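What the coordinates show
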Amino acid sequence: MGWSDDMKSFIAGTQGIMLDEVYDCPPSPLSKSLALNIRPEGSYEVWQRSANKLNIMSLEIHAFTMLCGFGSILMPHAINAGSAIVLHGQLSGVGKTGALYSALSPWGNPKEMSVMENTDNGFTTRVVNLKNIPLGLDEQTNIKGEILSQYLYILNNGKPKIRMMSSTNAERLVPMSAALIAIFTSNSNLIDTIREYRTTPHGEQARLLSFHIGKTPDAFMGRGQEIGNQIFHPFNDNYGHAGPMFVQQVLKAGQGTVKTYLEYWERRFRTDFSQNSQYRFYTATVACAFTAGEMLNKAGILNLDLERIYMEVLRSLQDESVSDGVNETDYEDILGTFINEHIASTLIVGENNKLISAPRNALIIRIETYNNAMYISKSAFREYLTKK
């Protein structure tokens, strides 16, 4: 699925989309089960009314998430192949899953398209099959840090594993690389999940845009279930219309115009947020989402206050980047953790080399209390840092 090699047509489920034509396109056997859920159903007008209700004050992050669902197909034009966002917060009923469904609903059945559990190979296959259509991963609170780290790098790489043909000594043909935006929801901040696996997860932090939805949006106050049902419930039965319409708008505008929009939002975000290249995934994601927003507003598919949404996204990312400290390393904490993990390999001596504590395992650390000196095995510490 996704864009053709020449970027002149797009496959969404069983639909082939060109500038002036939508035609039937039988799915590959490898993607058939997924393709059957990427289809139009219900009413476009009902979907549109619900989508435009995300323009309500206090639902800016939800609206941005929806824009990421459209912006995902612009990722082949961006400076990076793929990226991910996470909506996290302990409270239930604040619209995390609803926002995810709003991002998937332009393309197909959001409930069936979203994933809760999968294997490593299953995840890679889903990414490659979607190619440019957004990937949704709901309720990822219990995901392991090591698995999440692998997922983020797979998204960035966008390619399946290299495999050999069974009949000949040759590599199997590999489909074109995927380039999409993945959307996670979780009760906890997934950056903290990665920290349980890796002490300094700078690479993962740079690839994951984190948004904390820590309180009930003001729009829900007093009648949260009623408002939630009005906005998000229709996405369950009305879907798959706006995505193909947006593809045709992209084809109508042409690659030159799309790149002009992207370059504007990239420049603006770098100016407003950071010029540091470590935030290139942030830049690509925001640029694709708001380029999609401009084109959707212009086409009359959506009617969103992009300026207000952008300023709230910027504020939220600034808050998260300060608290997460991307590329800020606490060296004292790393050293302290290393020492604690190797207590059984520590020799402690006092004056005249008097033994205070002997190591139970192979010697890695020597502490001399009389002169406040500590010696650490260089090779052991280097190996420890490599794993972290």
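What counts and what doesn't
Residues numbered from 1 in each chain as written. Predicted model: local features only at pLDDT ≥ 70, side-chain atom pairs only at ≥ 80, totals over all residues. Heavy atoms only, no water. Pairing = 2+ DSSP bridges. Helix = DSSP H or I, 4+ residues; strand = E, 2+ residues; numbered from the N terminus. Contact = heavy atoms within 4.5 Å. Axes fitted to C-alpha atoms, helices over the stretch in contact; angles between N-to-C directions. pLDDT = per-residue confidence, 0-100. Phe/Tyr/Trp six-rings, centres within 6.5 Å; stacked < 30°, edge-to-face > 60°. Buried < 20%, exposed > 50% of the residue type's maximum accessible area, 1.4 Å probe, protein only. Expected span 1.5 Å × (residues − 1). Salt bridge = Lys/Arg side-chain N within 4 Å of Asp/Glu carboxyl O.

Comments concerning the sheet that holds strand β3 (residues 15-18)
The sheet built from four strands is open, its strands ordered β1-β2-β3-β4 with antiparallel pairing. Here the strands that pair on one side only, and so sit at the sheet edges, are β1 (2-3) and β4 (21-24). Where β1 meets strand β2 (residues 10-12), two bridges bridge the pair, whose relative direction is antiparallel. Residue pairing in the sheet places G2 in a bridge with I11 of β2. Contacting β1, β2, β3 and β4, helix α11 (residues 242-253) crosses the sheet at an angle of about 30° to β3.

What about the sheet that holds strand β5 (residues 83-88)?
Spatially, the four strands line up as an open sheet ordered β6-β7-β5-β8, and their pairing is parallel. Here the strands that pair on one side only, and so sit at the sheet edges, are β6 (135-137) and β8 (208-212). Here the strands of the sheet are splayed against their neighbours by 15° on average, with no regard to which way each runs. Judged from the six bridges that link them, β5 and strand β7 (residues 181-186) form a sheet pairing that is parallel. Residue pairing across strands places A84 opposite A182, the latter belonging to β7.

Concerning the confidence of the model for the protein
Atom-level detail of predicted coordinates should not be read off regions where pLDDT is low. Counting all residues, the mean pLDDT for the protein is 86, and 89% of those residues have values of 70 or more. This model gives residues 323-327 a pLDDT under 50, and the stretch forms 13 contacts once residues within four places in sequence are excluded.

Focus on the packing of aromatic side chains
According to the stated counting rule, one finds 20 aromatic pairs in the structure shown. On the numbers, 5.4 Å between centres and 55° between planes, the contact of F64 with F211 is tilted. A residue pair is termed long-range when its members are at least 10 positions apart, and F64 in helix α3 (residues 60-71) and F211 in strand β8 qualify at 147 residues. Each member of the pair, F64 as well as F211, is classed as buried. Ring pairs connect the aromatic residues F64, F211, Y264, W265, F290 and Y310, which therefore count as one cluster.

Concerning the environment of M75
Tracing the backbone through its elements, the reader meets M75 in the loop between α3 and β5. A relative accessible area of 1% means that M75 is categorised as buried. Spatially, the C-alpha atoms of M75 and A287 are 9.3 Å apart, while their sequence positions differ by 212 residues.

Considerations on helix α13 (residues 280-299)
A rise of 1.5 Å per residue sets the reference length of α13, with its 20 residues, at 28 Å; its end C-alpha atoms lie 28 Å apart and thus fit the reference within 8%. With 15 of 20 residues buried, α13 lies mostly within the body of the structure.

Remarks on the pattern of salt bridges
Opposite charge on two side chains permits them to pair, given that their charged atoms come into close proximity. Considering all chains together, one arrives at nine salt bridges under this definition. We note a salt bridge from R308 to E60, for which the minimum N-O separation is 2.6 Å. With R308 in helix α14 (residues 306-324) and E60 in helix α3, this residue pair connects regions lying 248 residues apart in the sequence. For R308, a relative accessible area of 18% translates into the label buried. A relative accessible area of 7% means that E60 is categorised as buried. Note that R268 is salt-bridged to D272, the shortest N-O span being 3.5 Å. With R268 and D272 both in helix α12 (residues 255-272) and four residues apart, the pair spans about one turn of that helix.

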